[in-house]
Amino acid sequence: MYDEQRLIEILGVSKRFGDAQVLHNIDLYIRKREFVTLLGPSGCGKTTMLRIIGGFEMPSEGKVFFEGKDITDVPPYRRRVNTVFQKYALFTHLDVFDNIAFGLKLRKLPKAEIEKRVKRMLKLVKMEGYEKRAVESLSGGQQQRIAIARALVNEPEVLLLDEPLGALDLKLRKEMELELKSMQQELGITFLYVTHDQEEALTMSDTIVVMNGGRIQQIGDPKRIYDEPKNAFVADFIGQSNLLTGVMLEDGTVMMAGKAFECVDEGFGTNEVVDVVVRPEDIMVVGTDVGMLEGIVESVLFKGVHYEMIVSTGEARWKVHSTSMQPSGSQVGLTIVPYNIHIMRREPAPAAQEEGEEM
Amino acid sequence: MKRRLYATPYAMWMLIFTVVPLLFVVYFAFTTKSGEFTAANFGKFFRPGNLPVVFDSFRLAFLCTVICLLIGYPAAYFLSGRDFSRGQALVVLILLPMWMNFLLRTYAMMTLLEKNGVVNTLLLKLGLPPQNLIGTEAAVLLGMVYNFLPFMILPIYTVMKKIDRRVIEAAEDLGAPPMKVFSRVVVPLSVPGIVSGITMVFMPAVTTFAISRMLGSGMIYLIGDTIEDYFINFNNRNVGSALSLTLMVLIVASIGLLRKADPRGEGGALW
C-alpha cells in the first residue's frame, strides 16, 4: 500500500490549446507508492494531465510540485519520472537491449552495471533472451513489455502510463493488468495510469480520479467510486447503470419511475429533483406478485456470466443483470433494496463542455 | 496482375530511351569505328592524361556532396520542425531554385561571378580590388552546390518529417537533453534520408559538364567534359561510350557501398 507522503502535487493547473480549454483549475496529489488512475472518456484532459506531469506540456496556469519542489519549468529530461507511451514509441534503430539501456547509457553507468540491470528488467517483463532482437520484429504485447522495461530500468520515482494496454487484445490486456499491478507492488514505484477503460481502473488502482470535460469529477478508491458515485456522470461512466430522474419526497424516500421507493439518503430538500442511479446487478427479478415494480421483458442478451434484460415498467426502462433468464415478453416483478438506490444531487450541467483534443 | 498494364507506357519509354541507347553504348564501347570488336577503347579511361580528370571529377563531386550535407542536413532538421500551414515562405525559399532550369541558374551564377559581373562591380564600388572568380575550382564547386543542394535537403526532410514525435519525447523522457536527442535519435533515424540525399547529389555531380564548362570557362575540365568532347568534338563515339560505361560502373560501385548504410532502402532506394 501507499505512504501518506505526497510525492506529486498539482495546484490550480489549467491548460488551453488555442481557444480550447482542456483542463480547468485541477488540484490533485499523488502519494508515494500509490497507484493512481486518471479515468475518463477521450477528450477529458487525462492525457494532457499526464503530459504536464511528464514535462511535455506546460500548464497555462498553476504549478506542479515534486517532493515539495516546484518543477513546473523543469524539462522532461531532468524529471525523475519515466513514461510508457501510448503506442510504445520504441527506438526502431536500436535492438531490444539498446532500447532498454538508453536511459542508463545517458547516465554513463558502467557497462557491467547496465548489462545487469537490463537483464533483470528483461526477466521482470518475461522477455529474457530477446536482447538482440529488432523491436519491429516483436508483437504488440512484446513491444509493450519492452516499453515498460525501458522506463522501469531507470528506477523512476513515478511511472507514467498513457493507455499502455490500449492496443492489446482482451486476454493479453487482462494478463498485463495483473502483471502491472504486481510489478508496481514489487518495485514500490508510484504509478500514474491513464485509461478510458473503467474495468482496468477498478482492477489496478489504489485511487481513481474520474475526469470529464477537463474537470475532476470524483477522487476515491475503486470501491467508493463504484458504490458511491458522486454524480450522474461518474455513475454512468463507471459500470453500467440505470440513470433516472427522481424527486426526494422526504429523508429516506424518493419518487422515481412513478413510484415511491425507500432509500438511505438524507439531507436533501423536500421535493428536490435528484439523479438516481441503480446498478443493473442490484435489481432483483422476482414474481409479479411480490415485486415493487411490474414490467415486461423487452429483450434478453446472453453475456456469459449473466443475462442482460431490458425490462419496461411503463414509466421507465430498466437494464437488469440476472443469472436466471426470463424469456422476452414475459411479465416480471422487480425489487430494489434501499441501500442500492444511489441518490445524487443534480449538478448544473457544465456550460458548453469543451472537447479538448486528446494529445 | 492486371496492374502491369499501367506500367506499359513507362516500360515503352524506358525501352526506347534507356535500354536501347544503353545497348548502343555497350556496342560502341566494344567496337572500333569500323565495327570490329575491341576492348582498347577502355584503355583511354585509364590513360595517364585522363586519370587526373577522373580524380578531379570524383574529388569535386565528393566535396560538393559533403558541403551539401553540411548545409542541407541542419536545414532539413530546421524545416522538419516547422508547421508549414503557416511558414510556407521557408519551403518556397528552399524549393524556388528547383523550379528553374538548371542551365538558367548556372547562367545567373555566371553573371554574378564574371570579370565584369555583379560581384566584381560591387567590389569596385566598395573600393576593393576585383577578384578572379570565374574559371576557378571554387566557382565550379559553388555552382554545383547551388544546383544540387535541394536534392540533399528534400530526402532528408522527408525522412525527418516521418519521425514520430513520441519517439523524440521518449528520448527526452529517458533523460536525453536536446543535443543527445539529436545525436542519438534524430541522426540515426534520418540515415536513410542521408543516403538518399548523398546518392542524389553525388551522381549528377560526378558527371556534370555544363557547370564546369560555364563556370570553369575552360580552366576546369571534368570527366563529363571529356566524354562530351569525344562524342561532339573528336567525333569518336566508341571511346566516348567506353568512358561513359566505365564511369557508370564506378558510380554504381560507390553508391553500392553507400547503400550498406541503409540496407532496408527506407530513404527511397534509387536502384
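Residues numbered from 1 in each chain as written. Chains lettered and ligands numbered in written order. Predicted model: local features only at pLDDT ≥ 70, side-chain atom pairs only at ≥ 80, totals over all residues. Heavy atoms only, no water.

**Q** Looking at this structure, I do not really get the overall build of chain A. What am I missing?
**A** If you tally the helices and strands in chain A, you get 8 helices and 20 strands. The C-alpha extent of chain A, read off along each of the three principal axes, is 75 × 45 × 35 Å. Burial statistics for chain A: of 359 residues in total, 53% are counted as buried. Across chain A, every contact between residues at least 6 apart in sequence was considered, and the portion connecting residues at least 24 apart equals 66%. (Helix = DSSP H or I, 4+ residues; strand = E, 2+ residues; numbered from the N terminus. Buried < 20%, exposed > 50% of the residue type's maximum accessible area, 1.4 Å probe, protein only. Contact = heavy atoms within 4.5 Å.)

**Q** How should I be thinking about the packing of aromatic side chains in this particular structure?
**A** Two aromatic rings are characterised by how far apart their centres lie and by the angle between their planes. Across all of its chains, the model carries 16 aromatic pairs over all chains by this definition. Considering the side-chain rings of F30(B) and F42(B), the 4.9 Å spacing of their centres and the 50° angle between planes classify their relative orientation as tilted. Of this pair, F30(B) sits in the loop between α1 (8–29) and α2 (40–43) while F42(B) sits in helix α2, and the two are 12 residues apart along the sequence. Taking relative accessible area as the criterion, F30(B) reaches 30% and is therefore assigned partly exposed. Residue F42(B) is classed as buried on the basis of its relative accessible area of 18%. R6(A) extends its terminal NZ or CZ atom over the ring of Y29(A), reaching a point 3.6 Å from the ring centre. (Phe/Tyr/Trp six-rings, centres within 6.5 Å; stacked < 30°, edge-to-face > 60°. Lys NZ or Arg CZ within 6 Å of the ring centre and 35° of its normal.)

**Q** Explanation requested: unusual backbone geometry in the structure shown.
**A** What is expected of a backbone is that most residues other than glycine have negative phi and most peptide bonds are trans. In the Ramachandran plot, R33(A) falls in the positive-phi region, its phi being about 70° despite a non-glycine side chain. For R33(A), the position within the fold is in the loop between β2 (20–31) and β3 (35–39). Its relative accessible area of 33% is what places R33(A) among the partly exposed residues. At N235(B), a residue that is not glycine, the phi angle is positive and equals roughly 55°. The residue N235(B) is located in the loop between α12 (223–233) and α13 (237–259) in this model.

**Q** Would you mind showing me how to read the interface of chain A and chain B here?
**A** Accessible area lost upon the coming together of the parts is a frequently used measure of interface size. Taken residue by residue, the interface counts 25 residues in chain A and 18 residues in chain B. Between chain A and chain B lies a buried interface of about 1,900 Å² when both sides are counted; carbon and sulfur atoms form 60% of it. The largest share of the area that chain A buries against chain B comes from Y77(A), H93(A) and L106(A), three residues that together contribute 31% of it. We note a salt bridge from R51(A) to E169(B), for which the minimum N-O separation is 2.7 Å. There are 5 residue pairs in polar contact (both at pLDDT 80 or more) connecting chain A and chain B. Looking at which element gives the most residues to the side of chain A that touches chain B, the answer is helix α2 (residues 96–106) of chain A, with 4 residues. (Buried area = accessible area lost by both parts, 1.4 Å probe. Salt bridge = Lys/Arg side-chain N within 4 Å of Asp/Glu carboxyl O. Polar contact = N/O pair within 3.5 Å; in protein donor to acceptor, adjacent residues only side chain to side chain.)

**Q** Just checking my understanding: could you explain the pairing of strand β11 (residues 242–250) of chain A for this structure?
**A** Two faces, one strand: in a regular strand the side chains alternate between the faces of the sheet. All names here are of chain A. Across 6 bridges, the pairing between β11 and strand β14 (residues 273–278) is antiparallel. Within β14, the position partnered with V247 by the bridge is V273. In this structure, β11 lies alongside strand β12 (residues 253–256), joined through 3 bridges in antiparallel fashion. Bridging across to β12, M248 finds its partner in V254. Between β11 and β12, which pair antiparallel and follow one another directly, the connecting turn spans 2 residues, one of which, G252, has a positive phi of 85°. (Pairing = 2+ DSSP bridges.)

**Q** Mind showing me how you'd approach the environment of M309(A) here?
**A** Residue and element names in this part refer to chain A. Within the fold, M309 resides in strand β17 (residues 307–312). For M309, a relative accessible area of 0% gives the class buried. Separated by 299 residues in the primary sequence, M309 and I10 have C-alpha atoms spaced 44 Å apart. The contact partners of M309, leaving out residues within four places of it in the chain, are V285, V297, S299, V300, W318, K319, V320, S322, S324 and Q326.

**Q** Looking at this model, I keep getting lost on the sheet that holds strand β20 (residues 342–345) of chain A. Mind explaining?
**A** The pairing of strands in a sheet happens through backbone hydrogen bonds and is either parallel or antiparallel. Residue and element names in this part refer to chain A. Taking strand neighbours across the sheet as the criterion, the 5 strands line up as β13-β12-β11-β14-β20 in an open arrangement whose pairing is antiparallel. Here the strands that pair on one side only, and so sit at the sheet edges, are β13 (259–262) and β20. Put simply, the sheet's adjacent strands are angled 40° from each other on average, direction ignored. For β12 and β13, the ladder comprises 4 bridges, and the chain directions are antiparallel. If you follow M256 over to β13, its bridge partner there is K259. (Axes fitted to C-alpha atoms, helices over the stretch in contact; angles between N-to-C directions.)

**Q** Sorry if this is basic, but what is going on with the packing of helix α4 (residues 140–152) of chain A against helix α5 (residues 170–187) of chain A here?
**A** Think of two packed helices as two axes; the pair is described by the angle between the axes and how far apart they sit. All names here are of chain A. The geometry of α4 relative to α5 is characterised by a closest axis approach of 12 Å and an angle of 15° between their N-to-C directions. In terms of orientation, α4 lies roughly parallel with respect to α5. In this structure, α4 crosses over α5, and the sense of that crossing is right-handed. On α5, the residues touching G141, Q144, R145, I148 and L152 of α4 are L172, E175, M176, E179, L180, M183 and L187. Counted by class, the contact of α4 with α5 contains 7 nonpolar, 2 polar and 3 charged residues. (Parallel < 35°, antiparallel > 145°, perpendicular 65-115°, else oblique. Left-handed = near helix turned anticlockwise from the far one by under 90°. Nonpolar A, V, L, I, M, F, W, Y, C, P; charged D, E, K, R; others polar.)

**Q** Help me out: how do you make sense of the environment of V186(B) in this one?
**A** All names here are of chain B. Position of V186 among the secondary structure elements: in helix α9 (residues 178–189). Sequence separation between V186 and G256 is 70 residues; the distance between their C-alpha atoms is 24 Å. Once residues lying within four places of it in the same chain are set aside, the contact partners of V186 are Y73, Y77, M160, I163, I168 and V181.

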